[in-house]
Amino acid sequence: MRIAQIAPLFESVPPKLYGGTERIVSYLTEELVRLGHDIVLFASGDSETMAELVSCSPAALRLDPEVEDPIPHYMVMLERVRRRAAGFDILHFHIDNLHYPLVRAMARPSVTTMHGRMDLPDYPPLFAEFDEMPLVSISDGQRRGVDANWVATVHHGIPKSLYRLGSGDGGYLAFLGRISPEKGVDRAIEIAKQAGIPLKIAAKIGVGDRPYFETTIAPLLDQPHVDFIGEIGEDRKQDFLGRAAAMLFPIDWPEPFGLVMIESMACGTPVIGWPCGSVPEVIDDGITGFIVDDIESAVDAVAMTASLDRHLVRRRFEKRFTAARMATDYLKVYEALTEERGGGKLPAQALLSLHAA
């Protein structure tokens, strides 16, 4: 198939540092190329790919100090997509909803993966207006209670060879992600304190989260059991996650997926998470980690992680969360939608067969 992948412009594909959506777009794009498909990636100019790259901004917008408004750059992207749209079997968008009017006007087969939080009051009127737009959720939890044209749920996947089984011999707990109230790093600090185990925090501090960090989190970092590393790139995750006894995921929001959970599992490192959003779909409780409801239960779970088989954690990752599995699932969606040609609602049997896979 000839497929367009349209990525966000805030980060390169793949990102140089933090960035979940752009990382997934990269894994999917490269896997589809390896499978023999003709892929064109619309992304920032500093992206790296085996596919044909169409540069829609000179560099990732987040890292460009000259960028004040991202919208003009996305308008350039959409125009470049429009010019080439007739040459694709399907357009796969990862940019939320800016493209809906354009896709409707072109009447081209398309699908949009929604990567963010969906339970917001702004979405119902949008999905009511564009009720024919085929959408993919990244977890069943993400779409719960949201009335839209969901055609499939496709869990994220990462390359099987990206990480290897780690020893877990570092004697610390890990927190990887972003500093924000909903990510629960304050909970992680308290869990580690009560468990009597050091905590290493590798996290990005966004501009909008800086006040929260300075007022709430920074004062907690002076404790002797806390080591704040800051934002790390792909090259440091193997050691960081692979040597951890467990990864803490004490979120307080409906997490759409949580890529760090499967990155940790790929290293054989169990995950301790709260039952929010996608967490019950990702963690096999008692096998790849533990799902807990409070700090006391999390402290108990830290002690129990020593009884988990890290080889089994890795095997579960290989079975459920590889990029190859993700690409196969998306190909089923592409094929069903291109058979419709109008990009309308999938037949019920197509959706059911994908879920069964």
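As a reminder, the structure under discussion sits directly above these lines.
Thresholds applied
- Residues numbered from 1 in each chain as written.
- Predicted model: local features only at pLDDT ≥ 70, side-chain atom pairs only at ≥ 80, totals over all residues.
- Heavy atoms only, no water.
- Helix = DSSP H or I, 4+ residues; strand = E, 2+ residues; numbered from the N terminus.
- Rg over C-alpha atoms; globule rule 2.2 N^0.38 Å.
- Buried < 20%, exposed > 50% of the residue type's maximum accessible area, 1.4 Å probe, protein only.
- Contact = heavy atoms within 4.5 Å.
- Patch = residues over 30% accessible without salt bridge, like charges linked within 9 Å, V, L, I, M, F, W, Y side chains within 5 Å.
- Areas by Shrake-Rupley, 256 points an atom, 1.4 Å probe, with all protein chains shown as cover.
- Salt bridge = Lys/Arg side-chain N within 4 Å of Asp/Glu carboxyl O.
- Lys, Arg positive; Asp, Glu negative; His and termini not counted.
- Charge placed at Lys NZ, Arg CZ, Asp CG, Glu CD.

Trainee: Please set out the overall build of the protein chain residue by residue, giving values where relevant.
Mentor: Regarding its fold elements, the protein chain presents 14 helices and 13 strands. For the protein chain, the C-alpha radius of gyration of 20 Å lies close to 21 Å, the compact-globule estimate for 357 residues. C-alpha extents for the protein chain along the principal axes are approximately 60 × 45 × 40 Å. Burial status across the protein chain gives 55% buried among its 357 residues. Expressed as a percentage of contacts within the protein chain between residues at least 6 apart in sequence, the contacts between residues at least 24 apart total 65%.

Trainee: Kindly report on a negative patch on the surface, identifying the contributing residues and their values.
Mentor: A cluster of like negative charges, contributed by Asp293, Asp294, Glu296 and Asp300, occupies part of the molecular surface. Of note, Asp294 is situated in the loop between strand S13 (289-291) and helix H11 (295-304). On the accessibility criterion, Asp294 (33% relative accessible area) is partly exposed.

Trainee: If you had to explain the side chain of His99 to someone new, which residues and values would you point to?
Mentor: Tracing the backbone shows His99 in the loop between strand S4 (90-93) and helix H3 (100-106). According to the relative accessible area criterion, His99 is buried, its value standing at 0%. When neighbours within four sequence positions are excluded, His99 is seen to be in contact with Leu78, Phe93 and Thr112.

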